[in-house]
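Summary of structural features
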Amino acid sequence: MTITPTEESGHATGGIGEDWTAAPGLLRRAASWTDPMEPALGQRLGMTYQLLGEPARALEIHRRTALVGAGAPDEITSLAWAAAAHCARGRLRPARALGQLALRALRHCCDPRAQAVTHTTAATIAALEGHGLLAKHHADRAGEAARSSGDAMLHLFVHTSLAAERLEHGACQDVCDTLGTALRALGGGHDGGDVPLVLLARCRRGAAHLALGELDRAITDFTDALDGYQRLGESLESGQLGAAALVGLGDAHRERGDLGPARAAYQEAVVRTEHSGDAQLLASALTGLALTRCTDAPGTAAVLARRAADGCVGPQRIRALLAGGWIALADNRPETAAEAARQAAGEPAAQISRTACAEILELEAMCLADGQARQRLLDDAEALWATAQRPLAVARVAVARARLRPAPERGPVRTLREATLRLRQFGVSPAAAEAAGLLNRVMADREPCVSVRVLGGFRVIRDGVPVSADEWQSKKARDLLKVLVARRGLPTSREVLIDTLWPDEDPARCANRLSVALSTVRLVLDPGRRMPQDHFITADKHVVGLARLRVDVQEFLAAARRAIAGAQRTGSGAFTSLAAAEELYRGDVLEGEPYAPWAAGLREEAQAVYLELLTQLAAAAAESDDHHSEAHYRLRLLERDPYDEDAHLGLVSLLTATGRHGEARRRYLVYATAMNEIEVPPAAFPSALRGTVAGRGSGGDARQFGTYESPGERRSTAPTASRRRSSSPLPHALSEVFSRRSADSAYSTGPRSLTTPSPTLPDLD
């Protein structure tokens, strides 16, 4: 039995411009059908799923449609929708085959809807394959068919479907105006309501606004479309619609520098497109996500970019390749970045896309060491962006050219300031440079290199040179930076800072002093004022915090935790990473401020982590029979905590096992004395066999023998975990330190703390 439109659909979803109100019921019933469908119904359902952004379901409908090859309009349209679905899946070969079948059948068909849909799909295929003239021919034919039909919705369909290709060629303003006019022509005051085609048209108009640098308008269009998809999803009982709007929102937020919202939008789009099977849109989401993860997770970003490039075609593949290149360049791999630019330039679609060529030139320029050659390529890129009607991109390249121009040729400082101001007028914040791309590399080349050292003492290193005491002008300014570092760079209220720096004075009288100290710190960190005022120090009328500032203790904590986690996970082969992390510890935090209560928390945390590192290093050395290193790290532990029983007994056991019996007995007496000082009965003398020791006695008799668990293991015979004296510099349990939320990287990427859990990424395999 073949299901017919009369039996099941009535007039619902009859054509692009017909009533969509009955579509939810039709789609729900279609899920249970098993019999073949007549072409009229098949093409309607295929169209519905394709416009909803679900090409996998559209292809399933096509496979269940009974086509007899009679050349009827419904059969031709069904072939065209299936070809469009293959394009969305990134499969050009089957798309081309079905498109050619539809075009051959179209020679004997004058139906305007079949003409418009088929030529639109053919134009998309030709553009993806880099055939510009052929794509334009089919686009013109599709437009003629839509105009002859008098169908406003069909007219909107053609312009919406071809908008992406036209944006690549630089017709941004025309796309924006045409879609706006077509949407208003639908009437009703709501731009057509929550019809899938109308929502997709809003996304395309948002993309046009974004290309023109109208970020607020773009976000409005994408947000309205996403709201519409949400309502439509509720009626269809589906939560997977709206990926196109999410990708657009991600792009707009990334351009503005709002990387948190951008990442969230991209990640949700990845989830939805993986469900829908739209490989092209999935690649766009993965590419955007990769660009925003470059700073905080370069390895993950590279994997995302590779995955995006492997699953798509056309401009999407070009941008995925370029994203991989920018990420490689940020990781100091210019050869890999240059190869990515060459691959992108070799893609067929690059030959007909002004925007793709401009992006390729930008990446090629930043891979060059020759300043003059770099400037020439950036000049060419700026010219291409201008012809493509991309004013925001033009402003971005202008900033890059001004920053990268050699000093003798740079001209007035106002040239750079004017270029930067122009970029800010588009709504682009300094944080936009944290995403992989041209601004990221330009800022990396010109950004002052500033770091703060607090391990073993306080020092600011600027461009490789320590800042002298004379430059500070004020001790309170130095103390302000110390306090902010001790608070891990997190936003701290002005009242707390005033109370810390001027505890015995009237807070109302100290507000101006804090502002002066704040200005002094900013001047010390960036005396040439090369960066915006809030680049290193963020402040408003309520709070002050650190941003993009390297601090040695945070780098140590991050490296140590990674090494310790790796050692606990693998159990072997972790010595190198543990030793590298241990070398970063130059001394206790702010040793010059031993009695400052505001420094105690960070100091104790770093001490606890350092002791755990030494413990893990001693264990790793013992596992590899490196006796010298094991003895070294156990002695370092005892320097820090002379009452560490495991370190004492491990050292005595090591000396005994290596035949150094006299030294072993001397070290045992040191251990017994320490235990007696804190009124803890010492364990008996360890045997020559590693891992055994005499039973615990009341006085630590070295002649008694028994069982001894290896250092670090808890013995059941006595509560040794509590044996540290109360005056130990480690008042907090190590487990509390490691479970505490910290801001290991809060200084490297901006005012937001990176310890906030980011959305779980989908499986990247």
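Placed above this text is the structure.
The rules behind each value
Residues numbered from 1 in each chain as written. Predicted model: local features only at pLDDT ≥ 70, side-chain atom pairs only at ≥ 80, totals over all residues. Heavy atoms only, no water. Helix = DSSP H or I, 4+ residues; strand = E, 2+ residues; numbered from the N terminus. Buried < 20%, exposed > 50% of the residue type's maximum accessible area, 1.4 Å probe, protein only. Contact = heavy atoms within 4.5 Å. Areas by Shrake-Rupley, 256 points an atom, 1.4 Å probe, with all protein chains shown as cover. Polar contact = N/O pair within 3.5 Å; in protein donor to acceptor, adjacent residues only side chain to side chain. Salt bridge = Lys/Arg side-chain N within 4 Å of Asp/Glu carboxyl O. Expected span 1.5 Å × (residues − 1). Arc of directions from axis to C-beta. Pairing = 2+ DSSP bridges. Axes fitted to C-alpha atoms, helices over the stretch in contact; angles between N-to-C directions. Parallel < 35°, antiparallel > 145°, perpendicular 65-115°, else oblique. Left-handed = near helix turned anticlockwise from the far one by under 90°. Nonpolar A, V, L, I, M, F, W, Y, C, P; charged D, E, K, R; others polar. Phe/Tyr/Trp six-rings, centres within 6.5 Å; stacked < 30°, edge-to-face > 60°. Lys NZ or Arg CZ within 6 Å of the ring centre and 35° of its normal. Core = buried A, V, L, I, M, F, W, Y, C linked by side-chain atoms within 4.5 Å.

A word on the overall build of the chain
- When its secondary structure is counted, the chain shows 34 helices and seven strands.
- Of all 765 residues assigned to the chain, the portion counted as buried reaches 54%.
- Residue pairs in contact within the chain that sit at least 24 positions apart in sequence constitute 62% of those at least 6 positions apart.
- For the chain, the accessible area works out to roughly 33,200 Å², and carbon and sulfur atoms hold 51% of it.

A closer look at the side chain of S353
- With respect to the helices, strands and loops of the structure, S353 is situated in the loop between α19 (334-345) and α20 (354-366).
- At 3.1 Å, the side chain of S353 and the backbone nitrogen of A356 are in polar contact.

Things to note about the pattern of salt bridges
- Going through the model one piece at a time under the given rule, you end up with 36 salt bridges.
- The salt bridge involving D174 is made with R166; its shortest N-O contact spans 2.0 Å.

A closer look at the environment of Y610
- For Y610, the position within the fold is in helix α30 (residues 597-623).
- As for Y610 and E582, which are separated by 28 residues in sequence, their C-alpha atoms are 7.0 Å apart.
- The contacts of Y610, once residues within four sequence positions are left out, are F556, E582, Y585, R636 and R640.

Digging into helix α8 (residues 132-149)
- Over its 18 residues, α8 extends 26 Å from the first C-alpha to the last, a length consistent with the 26 Å expected when each residue adds 1.5 Å.
- All buried positions along α8 are accounted for by A135, H138, A142, G143, A145 and A146. Seen from one end, α8 has its buried residues packed into an arc of 160°, which puts them on one side. Away from its buried face, by an angle of more than 90 degrees, α8 presents the exposed residues L133, K136, R147 and S148.

Overview of the pairing of strand β6 (residues 543-546)
- Note: strand β4 (residues 492-493) against β6, two bridges, orientation antiparallel. Bridged to S493 within β6 is V543.
- Judged from the three bridges that link them, strand β5 (residues 537-539) and β6 form a sheet pairing that is antiparallel. Looking at β6, one finds that A539 is bridged to V544.
- The hairpin formed by β5 and β6 contains three residues between the paired strands.

Some details on the packing of helix α14 (residues 243-256) against helix α15 (residues 259-276)
- Contact geometry of α14 with α15 gives a least axis separation of 8 Å together with a crossing angle of 160°. Between α14 and α15, the angle falls in the class roughly antiparallel. In this structure, the crossing between α14 and α15 has a hand that is left-handed. Residues A243, L246, V247, L249, G250, D251, H253 and R254 of α14 touch α15, and the partners they reach there are L259, P261, A262, A265, Y266, E268, A269, R272 and T273.
- Of the residues in the contact of α14 with α15, the class split is 10 nonpolar, three polar and four charged.

Things to note about the sheet that holds strand β2 (residues 459-462)
- An order of β3-β2-β1-β7 is seen for the four strands of this open sheet, with the pairing classed as mixed. Two strands close off the open sheet at either side, each with one partner strand: β3 (465-466) and β7 (550-551).

Focus on the packing of aromatic side chains
- Applying the stated criterion to the full structure yields seven aromatic pairs.
- Ring centres of Y585 and Y610 lie 4.2 Å apart, and the angle between their planes is 10°; on these two criteria the pair is classed as stacked. Pair noted here: Y585 is in the loop between α29 (575-583) and α30 and Y610 is in helix α30, with a separation of 25 residues, a long-range link. For the residue pair Y585 and Y610, the accessibility class agrees, reading buried in each case.
- Taken together, the ring pairs in this structure connect F556, Y585 and Y610 into an aromatic cluster.
- Sitting above the plane of the W385 ring, R396 keeps its charged end 5.8 Å from the centroid.
- Positioned above the aromatic ring of F685, the side-chain terminus of R665 is 4.6 Å from the ring centre.

Overview of the environment of L322
- Residue position: L322 is located in helix α18 (residues 315-330).
- Along the backbone, L322 and Q343 are 21 residues apart, and their C-alpha atoms lie at a distance of 8.8 Å.

A few points about the pairing of strand β1 (residues 450-453)
- Looking at chain direction, β1 and β2 are connected through four bridges and run antiparallel. Across the sheet, the residue bridging to V452 is V460, located in β2.
- What sits between β1 and β2 in their antiparallel hairpin is a turn of five residues, with G456 showing a positive phi close to 85°.
- Taken together, the two bridges between β1 and β7 define a ladder with parallel strand orientation. In the sheet register, V452 faces β7, and the bridge partner there is V551.

Side note on unusual backbone geometry
- The phi torsion at Q389 lies on the positive side, around 60°, for a residue other than glycine.
- Positive phi, close to 50°, is recorded for L590, a residue that is not glycine.

Some points on helix α32 (residues 645-657)
- Here α32 is 13 residues long and its end C-alpha atoms lie 18 Å apart, about the 18 Å a rise of 1.5 Å per residue gives.
- Extensive coverage of α32 is indicated by the burial of 12 of its 13 residues.
- Its side-chain oxygen 3.2 Å from the backbone nitrogen of D646, D644 forms the N-cap of α32.
- Two residues or fewer after α32 comes G659, characterised by a positive phi angle close to 80°.

Describing the sheet that holds β5
- Spatially, three strands are ordered β4-β6-β5 in an open sheet, and the strand pairing comes out antiparallel. The sheet terminates laterally at β4 and β5, the two strands that pair on one side only.
- In the packing of helix α27 (residues 507-525) onto the sheet, the strands contacted are β5 and β6, and the crossing angle to β5 comes to about 150°.

As for the side chain of T273
- Topologically, T273 is positioned in helix α15.
- At a separation of 2.7 Å, a polar atom in the side chain of T273 contacts the main-chain carbonyl oxygen of A269.
- The residues touching T273, leaving out its near neighbours within four places in the chain, are A243, D278, L281 and L282.

Quick notes on the nonpolar core
- Y229, I327, L363 and L438 are the most contacted members of the largest nonpolar core, which totals 90 residues.
- Counting 78 residues, the second largest nonpolar core, distinct from the first, contains F458, V524, Y610 and L651.

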